[in-house]
Amino acid sequence: MASSNDNYKFEGWVGEDESSAEGKMVWKDYEPKKWEETDVDIRITHCGICGSDLHVLRSGWSKAPYPVVVGHEIVGVAVRVGSQAEGGIQVGDVVGVGAQSDSCLNRDDSPSPSGFKCAECAERSENYCTRTVATYASKHRNGDKSYGGYARFHRCPSHFVFRIPDGLAPEFAAPMLCAGVTVYSPLKHFGAGPGRRVGVVGVGGLGHFAVLFAKALGADEVVGISRRASKRQEALDLGCTEYIATEDDKDWETKNARRLDLIISTVSSPKMPFSGYLGLLRLDGTLVQVGLPEGELPFRPLSLEGARRRIAGSGIGSPDEIREMLQLAVDKKVEPWVEKRPMSDANQAIIDFEDGKPRFRYVLVNEQ
């Protein structure tokens, strides 16, 4: 039996092949990484459902290393803390884990592929380390597989375990650990503050966080952008100052040309009007693509040249950014739109997620 000690065992929803994405995950035991004194064991109370979970379960990006347990928006209670754990975490603390479980941390035994020490970890940008360990469907530094949060317990190196600050509900904190920081990081890095006009493509699971955090950071305007006018009222209710429906608003490109300083694109469809979005940027404007399509995006370099525009990427966020984001959420009372689902209902929940039913994030809750 897979266990950390005599008091609890590791069990969860296991994807055994591509059909698991169709609601055919199986509840069973699995063996976590071998315990190390830098680790923390967490009794999971909440785990958000992320689009990445579906991509991995169906091997959408690449062949998944089945069996897999997905889920990387994990919140729970620390039940075991190693003697060398970082961050002052104590047994009983409410903590969280996002999409990253480890990096080289500039250790002496972890040179970069070029043979040099890791500049990314040295400057506390651990999310860009070339030795990143994903929270699931990856391998830890000791060679053991990583398993995610659709489960009862989770084991993680302490450097990537975060205290959840007082005043932030666990069902709000959980989806912030991936979806939230995925948009918070580029918003902060590219200056979505006072005096700036921000566009958000795709007012959904990722996009609604982008709206909330752009407002919390003080952006003057936050413009929601989606295909249909049916989402207009939801976008305005979230805090958008205006809304563009690319399939329903006539001449939307001409009317909004050179309007925005920054666009966060959260959609993952290769059929998006990408060049049209670029035309909304002002001089030196930036479009950050955080949605990850399984296909290729349409792109015309001419869309960039006329206003010195840029296309950028961004990957989750560093531990420092995650802590900063969580505290901002408390200070500015950021409340994402979430629907709680029982962990026992995970198979149906991922089907409903794929069908676009959540407004805007599902969070699985362990009943016990």
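An unreviewed UniProt entry lists the protein under the name alcohol dehydrogenase (NADP(+)), with Purpureocillium takamizusanense given as the organism. What the UniProt record of the protein gives under Sequence similarities (unreviewed entry) is the line "Belongs to the zinc-containing alcohol dehydrogenase family." In its Catalytic activity (unreviewed entry) section, UniProt records this for the protein: "a primary alcohol + NADP(+) = an aldehyde + NADPH + H(+)".

A. Here's a closer look at the overall build of the protein. Check the secondary structure of the protein and you find 10 helices and 17 strands. The C-alpha atoms of the protein give a radius of gyration of 20 Å, which matches the 21 Å a tight globule of 368 residues would have. Of all intrachain contacts in the protein linking residues separated by at least 6 positions in sequence, the fraction that spans at least 24 positions is 70%. Averaging the locations of the 45 positively and 51 negatively charged side chains of the protein gives two centres separated by 4 Å.

B. Highlighting the nonpolar core. If you look at the biggest cluster of nonpolar residues, it comprises 48 residues, and the most contacted ones within it are Leu168, Met176, Leu187, Phe213, Met325 and Leu326. Contributing elements (two or more residues each) for this core: helix H3 (170-189), strand S10 (197-201), helix H4 (205-216), helix H5 (232-238), strand S12 (242-245), strand S13 (260-265) and helix H9 (319-331). A per-element tally of this core places H3 first, with 10 residues. Tyr8, Ala64, Val68 and Phe153 belong to the second-largest nonpolar core, a separate cluster that totals 40 residues.

C. Representation of the sheet that holds S10 within the structure. Here six strands make up an open sheet; going across it, the order is S12-S11-S10-S13-S14-S15 and the pairing parallel. Looking at the sheet topology across the chains shown, the edges are occupied by S12 and strand S15 (310-313). Across the sheet, the axes of successive neighbouring strands diverge by a mean angle of 20°, strand direction being ignored. Running over the sheet, H3 touches S10, S13 and strand S14 (281-289) and is turned about 160° from S13. On the sheet, H4 packs against S10 and strand S11 (221-226) and is oriented at approximately 165° with respect to S10.

D. View of the packing of H3 against H4. Running from N to C, H3 and H4 cross one another at 55°; their axes reach a closest spacing of 9 Å. In terms of orientation, H3 lies oblique with respect to H4. In the crossing of H3 with H4, the sense of the turn from one axis to the other is right-handed. Residues Pro175, Met176, Ala179, Gly180, Thr182, Val183, Tyr184 and Leu187 of H3 pack against Gly205, Leu206, Phe209, Ala210, Phe213 and Ala214 of H4. Residue composition of the contact of H3 with H4, grouped by class: 11 nonpolar, three polar and no charged.

E. Highlighting the side chain of Ser265. With respect to the element layout, Ser265 can be found in strand S13. Taking the relative accessible area as the measure of exposure, Ser265 reaches 0% and is therefore buried. Beyond its immediate stretch of four places on either side in the chain, Ser265 contacts Val201, Met272, Leu287, Val288, Gln289, Val290 and Gly291.

About the cut-offs
- Residues numbered from 1 in each chain as written.
- Predicted model: local features only at pLDDT ≥ 70, side-chain atom pairs only at ≥ 80, totals over all residues.
- Heavy atoms only, no water.
- UniProt positions renumbered as here; feature names shortened; annotations may be inferred.
- Helix = DSSP H or I, 4+ residues; strand = E, 2+ residues; numbered from the N terminus.
- Rg over C-alpha atoms; globule rule 2.2 N^0.38 Å.
- Contact = heavy atoms within 4.5 Å.
- Lys, Arg positive; Asp, Glu negative; His and termini not counted.
- Charge placed at Lys NZ, Arg CZ, Asp CG, Glu CD.
- Core = buried A, V, L, I, M, F, W, Y, C linked by side-chain atoms within 4.5 Å.
- Buried < 20%, exposed > 50% of the residue type's maximum accessible area, 1.4 Å probe, protein only.
- Pairing = 2+ DSSP bridges.
- Axes fitted to C-alpha atoms, helices over the stretch in contact; angles between N-to-C directions.
- Parallel < 35°, antiparallel > 145°, perpendicular 65-115°, else oblique.
- Left-handed = near helix turned anticlockwise from the far one by under 90°.
- Nonpolar A, V, L, I, M, F, W, Y, C, P; charged D, E, K, R; others polar.

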